[in-house]
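# Observations on the three-dimensional arrangement
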Amino acid sequence: MLRINNIFKTFNPGTINEKTALRGLSLELAEGDFVTVIGGNGAGKSTLLNAVAGTWKVDEGSIFIDDADVTRLLEHQRAKYLGRVFQDPMTGTAANMQIQENLALAYRRGKFRGLRKGISHKEQEQYREQLKILELGLEDRMTAKVGLLSGGQRQALTLLMATLKKPKVLLLDEHTAALDPKTAAKVLDATDKIIGKNQLTTVMITHNMKDAIAHGNRLVMMYEGGIIFDVSGEEKKKLKVADLLLKFEQASGGGMMNDRMILS
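The following refers to the structure shown. Going along each chain's sequence as written, the residues are numbered from 1 onward. Only residues with pLDDT of at least 70 are given local features in this predicted model, and only at 80 or more are side-chain atom pairs given and counted; all residues enter the totals for whole chains, interfaces and linings. Think of the side-chain values as coming from all heavy atoms in the structure, minus any hydrogens and water.

### Comments concerning helix 1 (residues 45-53)
Counted only if it meets this: Accessible area is worked out with a 1.4 Å probe on protein chains only. A residue is then buried under 20% of its type maximum, exposed over 50%, and partly exposed in between. Only DSSP runs of H or I with at least four residues qualify as helices, and only runs of E with at least two residues qualify as strands; both kinds are numbered from the N terminus onward.
Across the nine residues that make up helix 1, a large majority, eight, are buried. Every buried residue belonging to helix 1 is among Lys45, Thr47, Leu48, Leu49, Asn50, Ala51, Val52 and Ala53, and all of these are buried. A positive backbone phi angle near 90 degrees is found at Gly54, which sits one or two residues after helix 1.

What follows is the structure, encoded as structure tokens:
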């Protein structure tokens, strides 16, 4: 479903601020794979997601989504293939619109929007059923303005909006990092339910090693723009945080992860 072939990305080439973020990275995801990506600051995690999304054009290499070559497509041209949730809970929703209106925007994405009745009764029922999955009681508040919701509720709603049309690939860019631990756990639970129900091919970036182990069927560790560890199946289930720390130290020649990863 996602095939990344030998991609390179360097920012500010030829200047004093030159930074190589991706160094010949290759990665393949089968349909339904849920991959968690972990690594220290500057490992290239977000650059990887932005390369897939088309935010940055890669310098070399190719990217395929469901056998379609998207390497040279602009960000808005790739949007039909992708769902994405960012770290900031305020990014993915329209605060001054109702919950059901936000869902309607996501549902009608890519469709012709003519002069017709706003939201049908059939749509409302569909949105209500989808909101029940989140277990946050939002199905009883569909006419409430999104700006009145908590950060966790908004992030859960953003997740639902990103998956309403079943994207080819779902990109989760530290989507629980800005939430308190209890709320983050709820959003991750909703994430597992939605991905499992729709069998979505997913890439989730996280700094939290426990979350990286607990979620998904595969774990990838990055360091200096490349993949240094790739584990899946039963081997992944048996992993512990100490194992990840050891793998990182071995691959990086004794280097240490950043404080944010250690503390989380």
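### Focus: the side chain of Lys236
The line we're drawing: Neither His nor the chain ends contribute to the count of charged residues, in which Lys and Arg are positive and Asp and Glu negative. The working definition used for a salt bridge is a side-chain nitrogen of Lys or Arg within 4 Å of a carboxyl oxygen of Asp or Glu. Contacts described as polar in this section are N or O atom pairs within 3.5 Å, which, within protein, must combine one atom able to donate a hydrogen with one able to accept it, while residues neighboring in sequence count only if both atoms come from side chains. Note on contacts: a residue pair is in contact if any heavy atoms of the two residues lie within 4.5 Å.
Its location among the elements puts Lys236 in helix 8 (residues 233-237). Despite its burial, Lys236 pairs with no opposite charge; the closest candidate is Asp192, at 8.9 Å N-O. Side-chain polar atoms of Lys236 contact the backbone oxygen of Ile213, separated by 2.5 Å. If near-sequence neighbours (up to four positions away) are discounted, Lys236 is found in contact with Thr36, Ala212, Ile213, Ala214, His215, Gly216, Asn217, Arg218, Leu219 and Val231.

### What to know about the environment of Ala104
Within the secondary structure layout, Ala104 lies in helix 3 (residues 99-107). Distance from Ala104 to Leu246, taken between C-alpha atoms, is 47 Å for residues 142 residues apart in sequence. Excluding residues that lie within four positions of it along the chain, Ala104 makes contacts with Ile119 and Tyr127.

### Notes on the packing of aromatic side chains
Inclusion rule: For Phe, Tyr and Trp, rings pair up if their centres lie within 6.5 Å, where Trp contributes its six-membered ring, and each pair is then called stacked (planes under 30 degrees apart), edge-to-face (over 60) or tilted (otherwise). Criterion for a charge above a ring: Arg CZ or Lys NZ at most 6 Å from the ring centre, at most 35 degrees from the ring normal.
Throughout the structure, instances matching the rule amount to three aromatic pairs. Ring centres of Tyr107 and Tyr127 lie 6.2 Å apart, and the angle between their planes is 75 degrees; this geometry places the pair in the edge-to-face category. Placement of the pair is Tyr107 in helix 3 and Tyr127 in helix 4 (residues 121-132), with a sequence separation of 20 residues. Across the ring face of Phe64, the terminal group of Arg3 is positioned such that the distance to the ring centre comes to 4.3 Å. The ring of Tyr107 has Lys165 lying over it, and the distance from NZ or CZ to the ring centre is 5.0 Å.

### Side note on the sheet that holds strand 9 (residues 218-223)
Cut-off, in case you're wondering: By this definition, two strands are paired if DSSP reports at least two bridges between them. Between the N-to-C directions of two axes lies an angle of 0 to 180 degrees, each axis being a line fitted to C-alpha atoms and, for a helix, fitted only over the stretch in contact.
The strand order across the open sheet formed by six strands is 6-7-8-3-9-10, and the pairing between neighbours is mixed. Both edges of this open sheet fall to strand 6 (82-85) and strand 10 (226-232), since each of them pairs with a single strand only. Along the sheet, successive strands turn relative to each other by an average axial angle of 15 degrees, direction set aside. As paired elements, strand 3 (residues 34-38) and strand 9 share four bridges and run parallel to each other.

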